[in-house]
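Structure assessment
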Protein chains: 2
Amino acid sequence: MSLIRSWVDTANDPTCPFPLNNLPCGVFSTAALSIRCGVAIGAFVLDVAGMEKAGLLAPGDGPLLNTPAWNPLMAAGPDVWDRLRRQLMGHLAEGSGTRDQVEPYLHPLDGVTLHMPFAVTEYTDFYAGRNHAFNVGTMFRGPENALPPNWLHIPIGYNGRASSVVVSGTDVRRPWGQLKGPQDDAPRWAPSARFDLELEMGAIVGQPSTGPVSVAEADAMIFGYVLLNDWSARDIQAWEYVPLGPFQAKATATTISPWIVTKAALEPFRTQTPAREKPLLPYLQEPGPMLYDIALDVELAPGGGDASVISRTNYKEMYYSAAQQLAHHTTSGCPMRVGDLLGSGTISGPVKDSRGSLLELSWGGQEPLSLPGGQTRSFLEDGDRLTLTGHCQGDGYTIGFGPCSGTILPALSDPFAR
Amino acid sequence: MSLIRSWVDTANDPTCPFPLNNLPCGVFSTAALSIRCGVAIGAFVLDVAGMEKAGLLAPGDGPLLNTPAWNPLMAAGPDVWDRLRRQLMGHLAEGSGTRDQVEPYLHPLDGVTLHMPFAVTEYTDFYAGRNHAFNVGTMFRGPENALPPNWLHIPIGYNGRASSVVVSGTDVRRPWGQLKGPQDDAPRWAPSARFDLELEMGAIVGQPSTGPVSVAEADAMIFGYVLLNDWSARDIQAWEYVPLGPFQAKATATTISPWIVTKAALEPFRTQTPAREKPLLPYLQEPGPMLYDIALDVELAPGGGDASVISRTNYKEMYYSAAQQLAHHTTSGCPMRVGDLLGSGTISGPVKDSRGSLLELSWGGQEPLSLPGGQTRSFLEDGDRLTLTGHCQGDGYTIGFGPCSGTILPALSDPFAR
């Protein structure tokens, strides 16, 4: 697959994250335009809601796009997803006869406000990165017991909190919580001192299910992907998580990137999951490549300081694909719904500077990370700005996700000291 | 508090679950009436949506009741909750001057279909029963390590799956899942052979929050309570739950009773949580009684057989109240929303026949339960009908919840053998 040229010049730059090949789905507003669906192209967002109203787009039988979320379009099904992509390709391709009609619907990206691209119905977070699970397990249980016995058989996941999912750019307030360190005699109420990021991808369920689905069916249910940062309070987590799993440690916020990159745009970058260390039960076996080759960076900018890359890895490091996770999610008959969000689990590569969390990068705080300018980090500090970026490298073009950013605000003064 | 008499004769029977003191909130339909909000009174459901349309009820500034869920009324806030209760009391009290206008809105309960009373936004399940935690802990880790170290300090909870919550009367299909028993060399794909109930109460969040709330504020956010059965596949749970908690084991279904009994109706039955074994951190301390004295029964009817009571206990056995659970839920800044459902955790009393799960009643299957007629049960069998009931005993009246029932259907033939 090579670049598909557009009359939107900025979309033809090989480093532009939003070429015609991409067409990611976001939600935007301007001073003049109410919140609505938009598609990124070059340096612009295309007001697809306005185009639908004007009769230039008709992906479904009725209006689907003049809403503050892509859920209605997703619910309309894969034929409608394909039809929208074909109609947009037709309008935006080099030489298109509708250019004069479409051009008024382009708004410079730097003049719009981006919002949550979809309504999160429920949020599930997985633990499907082999290196992350091994690193964390080694820290807590030693290398010989690092992986739980079920890890190579089940894409382990837990239900997260949909209400806490926010769009890139939303500040993140350091949480208070109940903590008990190894040195404490009793638990105490304090701000988290080990607040961390988790570099993940998020898969968005675009079609519902009512019973168990196969991995192939699960893949067909996925609408697209976003970058995802599952902010985690390690000290709260350590005290609360046995026996029922993480709860308040993961409920402060989860940040996603503002553009849903569709499965159609990612198609050329499909790749196999790594070789199995133990055979999977048949219901989890993949009929084809269902991971994606997506290069991922984590940047940290201390308050007032310059950003530097603290980790560099790739989504293809995951042991389980989103399709496998979704298939497993349905085994018990658990109904899945349009807008469900599945976090991949932390994506860590095999070497130190490819680890997807500060817990791993600083080895539990024992080996603080050195930043340019002389600062060090074991965990996140107030004022830190954390940004995930991701892209697929095509032949002369790039599929980008837009940044997934958040700045750490200091904890409130004790919310119960009234 | 004694019986408040109504001109609806059946509501004055001291054993009637729905006296004027109760006024629980449900959603119903009939052949002639579309799905809408209703309130139970005596042997009838009152079409409050119709009354609102006719101008006989006006709890809020605009229409709130002609919808298939109580979420809009809940969102309107406690003043509106109170106003609705006062308006209904006025119309239905003995000697009311509006009896002739109201009577046409009564529909016999046995002629209506009941639906989910509210839209479940997110569902959180707790583990807050002291006896249940001790029993389960003893089975898995021995009595000296039964309670996890955090148990007496935190109302431990995990996020459940809102999409799986169903109303009483919905059949429950035995799930398939990935299992590995102690005798198995490798995990296998099989129907759950240890499918169980969990007797719980559910608290319904009626007001949102954006930051940490106190226990008193949390209590004020709760709209009402339902009975809740958190169906659990123990064999799936045992293999999957370390380290991130229960997932597919709890995602087949959770059944709730069809009537939300409001906090106002439960007010006379408030009771203290049991004495603390260890002091709680200040943010979890209760300023007043926040549990309720609610007698609870579990009935089991084998396919085609008679029902018998297999457990009898009380909600006041819980170590943590719903208000404490909700306050803890907000500590990290986790936003709570209207329609969030909090399961109490399994309610087990101190003696054998007061245990709230078959896991405990049969002691992990080692001591099968004898049913009348000679059958025994370690876990649920296909065709079993399980019913939870609950009531508060007032002075000459009863506050009932309506049954919380489900019948176990056999597992599908292998859903992946195609």
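Residues numbered from 1 in each chain as written. Chains lettered and ligands numbered in written order. Predicted model: local features only at pLDDT ≥ 70, side-chain atom pairs only at ≥ 80, totals over all residues. Heavy atoms only, no water.

**Points about the overall build of chain A**
- Looking only at helices and strands, one finds ten helices and 27 strands in chain A.
- For chain A, whose C-alpha radius of gyration is 21 Å, the value lies close to the compact-globule estimate of 22 Å for 418 residues.
- Taken across its 418 residues, chain A has 64% of its residues classed as buried.
- Once local pairs closer than 6 in sequence are excluded, the contacts in chain A between residues at least 24 apart make up 71%.
- Of the charged side chains in chain A, 29 are positive and 42 negative; the average position of the first set lies 3 Å away from that of the second. (Helix = DSSP H or I, 4+ residues; strand = E, 2+ residues; numbered from the N terminus. Rg over C-alpha atoms; globule rule 2.2 N^0.38 Å. Buried < 20%, exposed > 50% of the residue type's maximum accessible area, 1.4 Å probe, protein only. Contact = heavy atoms within 4.5 Å. Lys, Arg positive; Asp, Glu negative; His and termini not counted. Charge placed at Lys NZ, Arg CZ, Asp CG, Glu CD.)

**Brief notes about the pattern of salt bridges**
Residue and element names in this part refer to chain A.
- For the structure on display, the rule yields 40 salt bridges over all chains.
- Among the salt bridges present, the one from Glu267 reaches Arg270, with a minimum N-O distance of 2.6 Å.
- Since its relative accessible area comes to 38%, Glu267 is described here as partly exposed.
- Across the pair Glu367 and Lys352 runs a salt bridge, and its minimum N-O distance is 2.7 Å. Here the residue Glu367 occupies a position in the loop between α10 (358–361) and β23 (369–370), and Lys352 occupies one in the loop between β22 (341–343) and α10, the gap between them amounting to 15 residues.
- Given a relative accessible area of 37%, Glu367 falls into the partly exposed group.
- The exposure class of Lys352 is partly exposed, given its relative accessible area of 37%.
- When salt bridges that share partners are traced, they join Asp196, Glu198, Asp230, Arg234 and Lys250 into one network. (Salt bridge = Lys/Arg side-chain N within 4 Å of Asp/Glu carboxyl O.)

**Topic: the interface of chain B and chain A**
- On the chain A side, the residues contacting the 57 residues of chain B number 57 residues.
- Buried area between chain B and chain A, both sides added, is near 5,400 Å², and the carbon and sulfur share of it is 61%.
- The three residues of chain B that bury the most area against chain A are Arg161, Leu244 and Phe247 of chain B, which together make up 16% of that side's buried surface.
- The salt bridge involving Arg161 of chain A is made with Asp340 of chain B; its shortest N-O contact spans 2.5 Å.
- On inspection of chain B and its partner chain A, the count reaches 27 residue pairs in polar contact (both at pLDDT 80 or more).
- When contributions to the side of chain B that touches chain A are tallied by element, the ones reaching two or more residues are β6 (123–126), β7 (157–159), β10 (176–179), β11 (188–191), α7 (234–240) and α9 (322–329) of chain B.
- It is β7 of chain B that provides the largest number of residues to the side of chain B that touches chain A, a total of three residues.
- Of the residues in the side of chain B that touches chain A, the class split is 30 nonpolar, 19 polar and eight charged. (Buried area = accessible area lost by both parts, 1.4 Å probe. Polar contact = N/O pair within 3.5 Å; in protein donor to acceptor, adjacent residues only side chain to side chain. Nonpolar A, V, L, I, M, F, W, Y, C, P; charged D, E, K, R; others polar.)

**Here we look at the side chain of Ser29 of chain B**
Residue and element names in this part refer to chain B.
- Structurally, Ser29 can be placed in strand β1 (residues 25–29).
- Residue Ser29 is classed as buried on the basis of its relative accessible area, which comes to 14%.
- Engagement of the side chain of Ser29 in a polar contact is seen with the side chain of His115, the distance being 2.7 Å.
- Once residues within four sequence positions are removed from consideration, Ser29 is found in contact with Ser34, Ile35, Val112, Thr113 and His115.

**Focus: the relation of the copies chain B and chain A**
- In screw terms, the move from chain B to chain A is a rotation of 180° and a rise of 0.0 Å along the axis, fitting with an RMSD of 0.0 Å. The superposition operator between the copies reduces to a two-fold rotation axis. For chain B, the residue whose C-alpha comes nearest the rotation axis is Gly245 of chain B, separated from it by 2.2 Å.
- Taken together, the interface assignments show that 100% of the residues at the interface of chain B recur at the interface of chain A, consistent with an identical surface on both copies. (Least-squares fit on C-alpha atoms with pLDDT ≥ 70 in both.)

**Re the domain arrangement of chain A**
Residue and element names in this part refer to chain A.
- Domain annotation of chain A identifies domain 1 (9–115) and domain 2 (123–409).
- Taking the mean C-alpha position of each, domain 1 and domain 2 sit 29 Å from one another.
- Carbon and sulfur atoms make up 69% of the area that domain 1 and domain 2 hide from each other, which totals about 1,900 Å².
- When the buried surface of domain 1 facing domain 2 is broken down by residue, Cys25, Met74 and Trp81 rank first, second and third, together holding 28% of it.
- Between domain 1 and domain 2 we count zero salt bridges in total.
- Broken down by secondary-structure element, the contributors of at least two residues to the side of domain 1 that touches domain 2 are β1 (25–29), β2 (36–41), α2 (71–75), α3 (78–92) and β5 (113–115).
- With four residues, the single largest contributor to the side of domain 1 that touches domain 2 is α2.
- Residues belonging to the side of domain 1 that touches domain 2 are distributed by class as follows: 19 nonpolar, eight polar and one charged. (Domains from an automatic or database assignment.)

**What about α3 of chain A?**
- When the terminal C-alpha atoms of α3 of chain A are compared, their 21 Å separation across 15 residues agrees well with the 21 Å that a helix rising 1.5 Å per residue should span.
- Within α3 of chain A, burial applies to Val80, Trp81, Leu84, Arg85, Leu88, Met89, His91 and Leu92 of chain A. (Expected span 1.5 Å × (residues − 1).)

**Quick look at the side chain of Ser348 of chain B**
Residue and element names in this part refer to chain B.
- One can find Ser348 in the loop between β22 (341–343) and α10 (358–361).
- Look at Ser348 and you get buried, because its relative accessible area is 2%.
- Ser348 has contacts with Asn131, His132, Asn135, Thr313, Glu317, Ser354, Arg355, Gly356 and Glu360, leaving out every residue within four places of it along the chain.

**Description of helix α5 (residues 130–141) of chain A**
Residues and elements named next belong to chain A.
- With twelve residues, α5 extends 16 Å from end C-alpha to end C-alpha; this agrees with the ideal 16 Å at 1.5 Å per step.
- Taken residue by residue, α5 has His132, Ala133, Asn135, Val136, Gly137 and Thr138 as its buried positions.
- Of the surrounding elements, those touching the buried residues of α5 are α10.

**Here we look at the sheet that holds strand β3 (residues 44–46) of chain B**
Residues and elements named next belong to chain B.
- Here we have five strands laid out as an open sheet, ordered β4-β3-β2-β1-β5, and antiparallel in their pairing. Lying at the two open borders of the sheet, with one neighbouring strand each, are β4 (106–108) and β5 (113–115). Sheet twist, expressed as the average angle between the axes of neighbouring strands with direction ignored, equals 50°. (Pairing = 2+ DSSP bridges. Axes fitted to C-alpha atoms, helices over the stretch in contact; angles between N-to-C directions.)

**Observations regarding the nonpolar core**
- If you look at the biggest cluster of nonpolar residues, it comprises 82 residues, and the most contacted ones within it are Met201, Tyr225, Leu266, Ile294 and Tyr315 of chain B.
- Listed in part, the 81 residues of the second largest apolar core include Leu3, Ala218, Leu281 and Leu369 of chain A. (Core = buried A, V, L, I, M, F, W, Y, C linked by side-chain atoms within 4.5 Å.)

**Some thoughts on the sheet that holds β1 of chain A**
Residue and element names in this part refer to chain A.
- With antiparallel pairing, five strands are arranged side by side in an open sheet as β4-β3-β2-β1-β5. Unpaired on one side and paired on the other, β4 (106–108) and β5 mark the two borders of the sheet. The mean angle between the axes of side-by-side strands here comes to 50°, regardless of whether they run parallel or antiparallel.
- Bridge count for β1 against β2 is four bridges, and the pairing is antiparallel. The residue of β2 that forms the bridge with Cys25 is Val39.

**Section: the packing of aromatic side chains**
- Inspection of every chain in the model, using the stated rule, returns 28 aromatic pairs over all chains.
- Between Trp151 of chain A and Tyr319 of chain A the ring centres are 5.3 Å apart and the planes differ by 50°, which places this aromatic pair in the tilted class. Taken together, the residues span a long stretch of sequence, with Trp151 of chain A in the loop between α5 and β7 (157–159) and Tyr319 of chain A in the loop between β21 (308–314) and α9 (322–329) at a distance of 168 residues.
- With a relative accessible area of 1%, Trp151 of chain A lands in the buried category.
- Look at Tyr319 of chain A and you get buried, because its relative accessible area is 1%.
- Within the aromatic cluster, the residues linked to one another by ring pairs are Trp176, Trp189 and Phe416 of chain A together with Tyr283 of chain B.
- The cationic tip of Arg276 of chain A hangs over the ring face of Tyr319 of chain A; the distance from NZ or CZ to the ring centre is 3.8 Å. (Phe/Tyr/Trp six-rings, centres within 6.5 Å; stacked < 30°, edge-to-face > 60°. Lys NZ or Arg CZ within 6 Å of the ring centre and 35° of its normal.)

**Some remarks on the confidence of the model for chain A**
- Per-residue confidence for chain A averages 97 on the pLDDT scale, and 100% of its residues sit at or above 70.
- Across the predicted assembly, pTM comes out at 0.98 and ipTM at 0.97. (pLDDT = per-residue confidence, 0-100.)

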